[in-house]
Structure formats: C-alpha cells, structure tokens
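# Tertiary structure, described
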Amino acid sequence: MKIVRFRSQSGEKLYGAFDPDMPDEARIIEGDIFGDIEVTERVERIEAFLPPISPPNIIALGLNYGKHADETGVKYPEIPVMFLKATSSVIGHGAPILLPAAGPAEVDYEAELAVIIGKEAKNVSRSDAEEYVLGYTCANDVSARDWQIHKQKKQWARGKSFDTFCPIGPYLVTKDEIETPGCLKIRSILNGEVMQDSNTSDMFFDIPAIISNLSCSMTLLPGTVILTGTPEGVGFTRTPPVFLQDGDIITVSIENIGELSNPVKKE
Ligand code: MG
C-alpha cells in the first residue's frame, strides 16, 4: 500500500491510501499506521503533501555507495559511517527547500532511499532485520557543503540540518510492495536534467546490515527514518560544481517508490 499523509481542503491532517492514477485524492485511513489500519470509503482531496512520518530520529549513512566514495576521493568505509540529521529539517513533497539566510553558498542535493522503521528494534540480527521495516520512501539529504566540510570543520550534522534540508515522500510504500529494496534504480533530476543515475545495488552496507549494525548501539524507535546514502553525481564533485539556486526544482526518483520534487527558494 502507498500511504500518504496530507492536508485536506478543510485543513485536516490525514493519512490516506494513495493511488498514483488518482494523484489528487486519497481514501482516508483510520487507525495506527504502526499497528492496525483500516482504509475507509471516505475520499478527500489532497491540498498539500505532508512528510509521511514525523520521525523520532533521522539516522543517515555517509559514503555508502561505491562510486560516490570514488568521486569524493575517500577510502571505502570499513564500518557504516553514521550521523544524525535534525528532525526539524523534515519537509514533504512540494514544500520549498530554503537556501538559508545564515549564508551557506554551496547547497547540494543527495538522492537517497529512506527506510522507515515499523517497530522497536534493538540488537536485531541481519536475518530478522526486514521484520522491523514498515516501508520505504524517497529522501533528499540536502547538504550545505561549505558548512559541512569547511566552516563547521567536518561536523556534518551542522551542514545537513538546516530547516527544510530533509525532504521525504511523497508517500510511504509498505514493504510488501518492494521485493528487492537492494536493487532499485535511483536518480536525482535538477530542472529536468538527470544528475544522479544509479542503483541501490551499489550500496556497501545493505538495509539488513544497516538495521543490524545501528540497532546494536541504539533502539530504533517506530517511525525512525534511515537515509541509506547517496550514489555518485552529487553537485560538489562536478566540474564545474553545481549547487542549488533560487528557482530550481530538484526531484528524487526511485523505482517502484515514487518521485519527490521540491522547489528551491531563498529563506
Ligand atoms: Mg547523504
């Protein structure tokens, strides 16, 4: 099922079952998306997409794709490279990414497959990991490179946690619809031009490995969003570099998951 969270015309925040053939409306879901849900007959018009989840934590992996590690010129990771991204940075499909007033000039995009945890996970084995997944969505790990690398002395979380720097959506796709999350085409598209074009099969650490590894040191709470890393083709490694500008539209597209688009504006 594709589960969308949205604002209706009357201003209600609702969960609904989404059908891509009818992208302007949803059938209302009642219940707890981490427990039992019921899809009702009530249909509402989607006024605005909201992030499909309000995560208690956002955990992100760096350098998890082989060709992306190559383009940044760093050694391949021996263990997952993990950082936290502020939950206050989350926005939904269609909401603007704001170029911060604080002045970073090198705001970059990163297409990522996001995993949404469905139930508390602690000390989970690789073979049991999928049991703890609720579903998947698209994410953009927006990153101010000048802050991430230079101005904040490699404190990645500073450059990656500005407000609006974590678009997720447009909706959550439950895991039963995605047979092979480790083999999905993943792309980013800037103003119609394909910038990243890869496959999740290029990950060093696959999703079961990531869940098992992270859950040995922290409880993964229901709703936790895990960003699984980005493939090659990001803006700062290009010649000349490409950074997001006022008026741009950046889209993350993942096979069988969806297309997450956000305009870029000055704060
Ligand atoms: Mg990233």
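Residues numbered from 1 in each chain as written. Predicted model: local features only at pLDDT ≥ 70, side-chain atom pairs only at ≥ 80, totals over all residues. Heavy atoms only, no water.

## Description of unusual backbone geometry
Looking along the chain, the bond that leaves Gly169 and enters Pro170 is cis, with omega of 5 degrees. Residue Pro240 follows Thr239 across a cis peptide bond; omega there is -10 degrees. In this fold, Pro240 is placed in the loop between strand 17 (225-227) and strand 18 (249-254). A positive phi angle, near 75 degrees, is found at Thr164, a position not held by glycine. Summarising the element assignment, Thr164 is placed in the loop between helix 3 (156-160) and strand 14 (166-174). (Helix = DSSP H or I, 4+ residues; strand = E, 2+ residues; numbered from the N terminus.)

## Topic: the nonpolar core
In this structure, Ile211, Leu220, Ile226 and Ile257 are the most contacted members of the largest nonpolar core, which totals 40 residues. Both domains that furnish three or more residues to this core are identified here as domain 1 (2-49) and domain 2 (58-266). Once residues lying within four places of it in the same chain are set aside, the contact partners of Ile226 are Ile59, Leu61, Leu113, Ala114, Val115, Ile117, Ile210, Ile211, Leu214 and Leu220. If you look at the next biggest cluster of nonpolar residues, it comprises 18 residues, including Ile29, Ile53, Ile116 and Leu227. (Core = buried A, V, L, I, M, F, W, Y, C linked by side-chain atoms within 4.5 Å. Buried < 20%, exposed > 50% of the residue type's maximum accessible area, 1.4 Å probe, protein only. Domains from an automatic or database assignment. Contact = heavy atoms within 4.5 Å.)

## Topic: the domain arrangement of the chain
For the chain, the assigned domains read domain 1 (2-49) and domain 2 (58-266). In total, domain 1 and domain 2 occlude about 900 Å² of area from one another, counting both sides; carbon and sulfur atoms represent 66% of this. When the area that domain 1 buries against domain 2 is broken down by residue, the three leading residues are Lys2, Phe34 and Phe49, summing to 64%. Here domain 1 is connected to domain 2 by 1 salt bridge. With its nearest N and O atoms 2.9 Å apart, the salt bridge here joins Lys2 to Glu177. Remark: the boundary between domain 1 and domain 2 carries 2 residue pairs in polar contact (both at pLDDT 80 or more). Ranked by residue count, the leading element in the side of domain 1 that touches domain 2 is strand 1 (residues 2-7), at 3 residues. (Buried area = accessible area lost by both parts, 1.4 Å probe. Salt bridge = Lys/Arg side-chain N within 4 Å of Asp/Glu carboxyl O. Polar contact = N/O pair within 3.5 Å; in protein donor to acceptor, adjacent residues only side chain to side chain.)

## Structural notes on the coordination of the magnesium ion
Only Glu110 (OE), Glu112 (OE) and Asp141 (OD) from the protein coordinate the magnesium ion, and they sit 2.0 to 2.1 Å from it. When the donor residues of the magnesium ion are listed from N- to C-terminus, their spacing reads E-x1-E-x28-D. Pair check on accessibility: Glu110 and Glu112 agree, each one buried. (Donors = N, O, S within 2.8 Å, 3.2 Å for Na, K, Ca; no water.)

## Points about the pairing of strand 19 (residues 258-266)
Both faces of the sheet carry side chains from a regular strand, because those side chains alternate between them. Strand direction decides the pairing type here: strand 9 (residues 97-99) and strand 19, joined by 3 bridges, are parallel. Residue pairing for strand 19: Leu99 is matched across the bridge by Lys266. Of the pairings in the sheet, the one linking strand 18 to strand 19 comprises 6 bridges and is antiparallel in character. Within strand 19, the residue paired with Ile254 across the bridge is Gly258. Counted between consecutive antiparallel strands, the loop separating strand 18 from strand 19 contains 3 residues, among which Asn256 sits at a positive phi close to 65 degrees. (Pairing = 2+ DSSP bridges.)

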